[in-house]
Amino acid sequence: MEKTNVFETSKVGKYQFFAMPFHCDFSNHLRIDHLGNDMLNAADLHSDARGFGMNYLNTVDKTWVLSRFAIEVVDMPVSYKVLNVETWVESAMRFFTSRNFAVTGTDGEVYAYGRSIWAMIDTNTRQPVDLLKVRDGLLNDYVETDKPCPVDSCSRVKVNDSANLWSTVKATYCDIDMNGHVNSVKYIEHVLDLWDIDWYKFHRIKRVEVAYVAEAHCGDELHFYVEERSENDFYIRVMAKNEVCRCYVKFEEIITK
């Protein structure tokens, strides 16, 4: 059976979401953690329609694992605005693949861009899977190198040992995803809670980046160590029993007229 007769053939997927009021903050703008969920949902829809998504992987004891994730904001939408999330695979290697995102409005306004790096693991052994052997290298058919993503690539997010403990939270039911560990975007949510509402009255988020290291589970205590390197640049190490992820948050000041 030919691949083109079975799966979606276009390399770039485009999916519509909404900035629902209960996903917006006190300023009536969509929160970046909800934007992150929309991006990851678009990634799932894109991969599933092309034959290498979770619906197929679950039948062969495999799953995608998010390794790095970066969101760079241009202008967050307000409530009820339509979001068009485009996503595409930029490259595919043996153990990692990179996927990009562009978020726009119905009138062409640009809201955000995103970059991500993914691995695949065997759910029984928890060991990496050779991506180029899954479905005879089907992923290679969908690599799109001509569509630009005009933001910096994901980094390792290095945090110095001088970072100070700012907060500790316990991972509970609502933090856990279908794989049984803390959801990727939940780390972003907890990191954003490190600053109070008065801070957000005068600062907006320009970029959020997460480098995932290990899994955390329900009941784990998550410790957030913060290093401020410049006025609006923060680096965060999240520890449970061991380091679970590192985050970077860049703010910009809100200029009021």
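Note that this is a predicted model, so its numbers are computed, not measured. (Residues numbered from 1 in each chain as written. Predicted model: local features only at pLDDT ≥ 70, side-chain atom pairs only at ≥ 80, totals over all residues. Heavy atoms only, no water.)

**Notes on the pairing of strand 7 (residues 203-212)**
Selection rule: Accessibility here uses a 1.4 Å probe with only protein chains present; expressed as a share of the type maximum, an area under 20% marks a residue as buried, one over 50% as exposed, and anything in between as partly exposed. Secondary structure elements are defined from DSSP: runs of H or I of at least 4 residues count as helices, runs of E of at least 2 residues count as strands, and each element is numbered from the N terminus. By this definition, two strands are paired if DSSP reports at least two bridges between them.
With respect to burial, strand 7 is a largely interior element, eight of its 10 residues being buried. Relative to strand 7, strand 2 (residues 62-73) runs antiparallel, the two being bridged by five bridges. From the neighbouring strand, I71 faces strand 7, where its bridge partner is V208. As defined by bridge partners, strand 7 adjoins strand 10 (residues 243-253) across nine bridges and the pair is classed as antiparallel.

**What about the environment of A70?**
Under the convention used in this document: Any pair of residues with heavy atoms lying within 4.5 Å of one another is described as a contacting pair.
As for its placement among the helices and strands, A70 is situated in strand 2. Linking A70 and N160, residues 90 residues apart in sequence, is a C-alpha distance of 20 Å. Not counting residues within four places of it along the chain, the set of residues in contact with A70 comprises Y113, G114, R115, C154, R207, V208 and E209.

**Here's the deal with the pairing of strand 3 (residues 82-92)**
Strand 3 sits mainly inside the fold: nine of its 11 residues count as buried. Where strand 1 (residues 13-18) meets strand 3, six bridges bridge the pair, whose relative direction is antiparallel. Across the sheet, G13 pairs through a bridge with T87, a residue of strand 3. Between strand 3 and strand 4 (residues 97-104), which pair antiparallel one after the other, the connecting turn spans four residues.

**A few points about helix 4 (residues 184-192)**
Helical geometry: 3.6 residues make up each α-helical turn, so side chains three or four residues apart lie on a common side. Counted only if it meets this: For the purposes of these results, a polar contact is taken to be a pair of N or O atoms within 3.5 Å, where, inside protein, one atom must be able to donate a hydrogen and its partner to accept one; residues adjacent in sequence count only when each atom of the pair is a side-chain atom.
Within helix 4, eight of the nine residues are buried, which leaves it mostly tucked inside the rest of the structure. Regarding helix 4, the residues found buried are S184, V185, K186, Y187, I188, H190, V191 and L192. The backbone nitrogen of V185 lies 2.8 Å from a side-chain oxygen of the residue at the head of helix 4, namely N183.

Without other data, these values stay purely geometric and don't point to any function.
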